[in-house]
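This is what each chain is made of:
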Amino acid sequence: MGNEMNKTDRENHQHQSNSILLVEEQFTHHSILKQTLENSGYVICKHLHGETTLYEEISKYEPDLLLLNIVQPSQKTLHELAKIHQLAPLNVIIFAEKDCPLSMQASIKAGVSSYIVDKVPADRLNSIISVAQQRFVEHQALREALEQAKTELITRKLLEQAKGLLMQQKNISEQQADENLRQMAIDNGQSLAVIAHNVIEVSGLLQIKIKH
């Protein structure tokens, strides 16, 4: 019984880490690609036709990988992929029958990790998925770093503006204004960015009242 439970645990872990949403334009229940993936240890959480609404299916099944086996991505598919890339980033691989540089460029721009033209030999499938996953992870790390840099820049600008307002209103030094902001953040249990935004907002409201 213990061995059976361990086996089940391993299978559940495999489902969680290797689940694939497979979408094929030429849909068949006896898909060679589907069979090859399953033989390689991947779990097909759902096998769909190419005209499906991808974002809804991703939200429903939460796969680790979206794999499209199509002639070439349509504008609708590219729109769906861009939406996924923006709202629910995911490793995406396209196997395309038609070689079209413009479709490839548009797909990569929409967040596709790997775009493969023509059929892929079974012995290359694992390496293709592995490389695509590595690209996806690296891209996400870069994306997060850029977002963090943007946030830090916005925060610095807010702090500088808030400090300037406090210095003017209270006739204090920049260091004192900075200390005031930090103390307000501690007292209110809020971030410096939120406190700075509040100071700027209150100052703006006060100026409006004074004018009236």
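Residue positions are counted from 1 within each chain, in the order its sequence is given. Local features in a predicted model are, by the rule used here, given only for residues with pLDDT of at least 70; side-chain atom pairs are given and counted only at 80 or more, and totals for whole chains, interfaces and linings are based on all residues. Processing note: side-chain calculations cover all non-hydrogen atoms of the structure and skip hydrogens and water entirely.

Trainee: What is the right way to read the packing of helix H3 (residues 54–61) against helix H4 (residues 75–87) from this model?
Mentor: The axes of two packed helices give the description: the angle between them and the distance between them. Between N-to-C directions, angles cover 0 to 180 degrees, with each direction set by a line fitted to C-alpha atoms, over the stretch in contact for helices. Each helix corresponds to a stretch of at least 4 residues labelled H or I by DSSP, and each strand to a stretch of at least 2 residues labelled E; elements are numbered beginning at the N terminus. Axis separation between H3 and H4 bottoms out at 8 Å; the angle between their running directions is 40 degrees. Of the possible angle classes, the one that applies to H3 and H4 is oblique. Contact residues: H3 offers Leu-54, Tyr-55 and Ile-58, while H4 offers Thr-77, Glu-80, Leu-81, Lys-83, Ile-84 and Leu-87. Residues are grouped as follows: Ala, Val, Leu, Ile, Met, Phe, Trp, Tyr, Cys and Pro are nonpolar; Asp, Glu, Lys and Arg are charged; all remaining types, including Gly, are polar. Taken together, the residues of the contact of H3 with H4 break down into six nonpolar, one polar and two charged. Note on terminology: angles under 35 degrees are roughly parallel, angles over 145 are roughly antiparallel, angles of 65 to 115 are roughly perpendicular, and the others are oblique. Here, residues are in contact when the closest pair of their heavy atoms is within 4.5 Å.

Trainee: Can you walk me through the layout of surface pockets in this structure?
Mentor: Once rolled over the atoms, a probe with the size of a water molecule shows which space is left empty. When its volume is computed, the largest pocket comes out at roughly 460 Å³. Cavities and pockets were defined on a 1 Å grid built from protein atoms only: a cavity is a group of points that admits a 1.4 Å probe but offers it no way out, a pocket is an open group of points flanked by protein on both sides within 12 Å along at least five of seven lines, and a lining residue is one with an atom within 4 Å of any such point. Surrounding the largest pocket, 20 residues form its lining, Glu-24, Ile-32, Leu-33, Asn-69 and Lys-119 being those nearest its centre. Every element with two or more residues in the lining of the largest pocket is listed here: helix H2 (32–39), strand S3 (65–70), strand S4 (91–96) and helix H6 (122–170). Considering every element that reaches the lining of the largest pocket, the biggest residue donor is H2, with three residues. Its residues assigned to classes, the lining of the largest pocket shows nine nonpolar, six polar and five charged. Grid points are joined across faces, edges and corners, and a volume is the space filled by probe spheres set on the points.

Trainee: Just to check I follow, could you spell out the pairing of strand S1 (residues 19–24) for this structure?
Mentor: As a general feature of sheets, a regular strand has side chains that alternate between the two faces. Each residue is assigned to one of three classes by its accessible area relative to the maximum for its type, calculated with a 1.4 Å probe on protein chains only: buried under 20%, partly exposed between the two thresholds, exposed over 50%. Counting buried positions along S1 gives six out of six residues, so the element sits mostly inside the fold. By convention, a crossover is right-handed whenever its connection, traced from the first strand over the helix to the second and viewed with the strands pointing away, goes clockwise. Tracing the backbone out of S1, into H2 and back to the parallel element strand S2 (residues 43–49) gives a crossover that is right-handed. Inspection of the sheet shows S1 paired to S3 by five bridges, in the parallel sense. Paired with Ile-20 across the bridge in S3 is Leu-65. At least two bridges found by DSSP between two strands are what make those strands a pair.

Trainee: What exactly am I supposed to notice about empty space enclosed by the protein here?
Mentor: Overall, the coordinates contain one cavity of 30 Å³ or more when judged by the stated rule. Estimates place the volume of the largest cavity at around 30 Å³. As for the largest cavity, its lining consists of Leu-81, Ile-84, His-85, Leu-90, Val-92, Ala-110 and Gly-111. In terms of residue count, H4 provides more of the lining of the largest cavity than any other element does, three residues in total.

Trainee: Help me understand the sheet that holds S4 in this model?
Mentor: By way of backbone hydrogen bonds, the strands of a sheet pair with one another, either parallel or antiparallel. Across the sheet, which stays open at both edges, the five strands sit in the order S2-S1-S3-S4-S5 with parallel pairing between neighbours. Strands at the two margins of the open sheet, each flanked by one partner only, are S2 and strand S5 (114–117). On average, each strand axis in the sheet is tilted by 15 degrees relative to the strand beside it, whichever way the strands run. Where S3 meets S4, six bridges bridge the pair, whose relative direction is parallel. Bridge pairing links Leu-67 to Ile-93 in S4. Along the sheet, H4 contacts S3 and S4; its crossing angle with S3, the most-contacted strand, is approximately 170 degrees. Running over the sheet, helix H5 (residues 101–109) touches S4 and S5 and is turned about 160 degrees from S5.

Trainee: Any chance you could explain the environment of Lys-46 here in plain terms?
Mentor: Within the secondary structure, Lys-46 sits in strand S2. Sequence-wise, Lys-46 and Leu-22 are 24 residues apart; in three dimensions their C-alpha atoms are separated by 6.3 Å.

Trainee: What should I look at first to understand the packing of H6 against helix H7 (residues 174–188) in this one?
Mentor: Interaxial distance between H6 and H7 falls to 9 Å at its minimum, and their mutual angle equals 110 degrees. Compared by their axis directions, H6 and H7 come out roughly perpendicular. Regarding H6 and H7, the two cross each other, and that crossing is right-handed. Here Leu-159, Glu-160, Ala-162, Lys-163, Leu-166, Met-167 and Lys-170 of H6 lie close against H7, whose contacting residues are Glu-174, Ala-177, Asp-178, Asn-180, Leu-181 and Met-184. Two helices that cross are described as forming a left-handed crossing if the nearer one is turned anticlockwise from the farther one by less than a right angle, and a right-handed crossing if clockwise.

Trainee: I tried to follow the pattern of salt bridges on my own but got confused; where do I start?
Mentor: Side chains that carry opposite charge are capable of pairing whenever their charged atoms lie near each other. When a carboxyl oxygen of Asp or Glu is within 4 Å of a side-chain nitrogen of Lys or Arg, the pair counts as a salt bridge. Inspection of the entire model under this criterion finds four salt bridges. A salt bridge links Glu-174 to Lys-163; the shortest N-O distance between them is 3.3 Å. Highlighted residues: Glu-174 in helix H7 and Lys-163 in helix H6, separated in sequence by eleven residues. Where Asp-178 meets Arg-182, a salt bridge forms, and the shortest distance between an N and an O atom there is 2.9 Å.

Trainee: I'm lost on H3 in this one. Help?
Mentor: Since the α-helix turns once every 3.6 residues, residues separated by three or four places project in the same direction. Listed as buried for H3 are Leu-54, Glu-57 and Ile-58. When H3 is viewed along its axis, its buried side chains cluster within an angular range of 100 degrees and face the same direction. Exposed side of H3, more than 90 degrees from the buried face: Glu-56 and Lys-60 are the residues found there. Considering only its buried residues, H3 is in contact with S1, S2, S3 and H4. Within two residues after H3, Glu-62 carries a phi angle of roughly 50 degrees, on the positive side. To be clear, the arc concerns the directions from the helix axis to the C-beta atoms.

So yeah, pure geometry; function would need other evidence.
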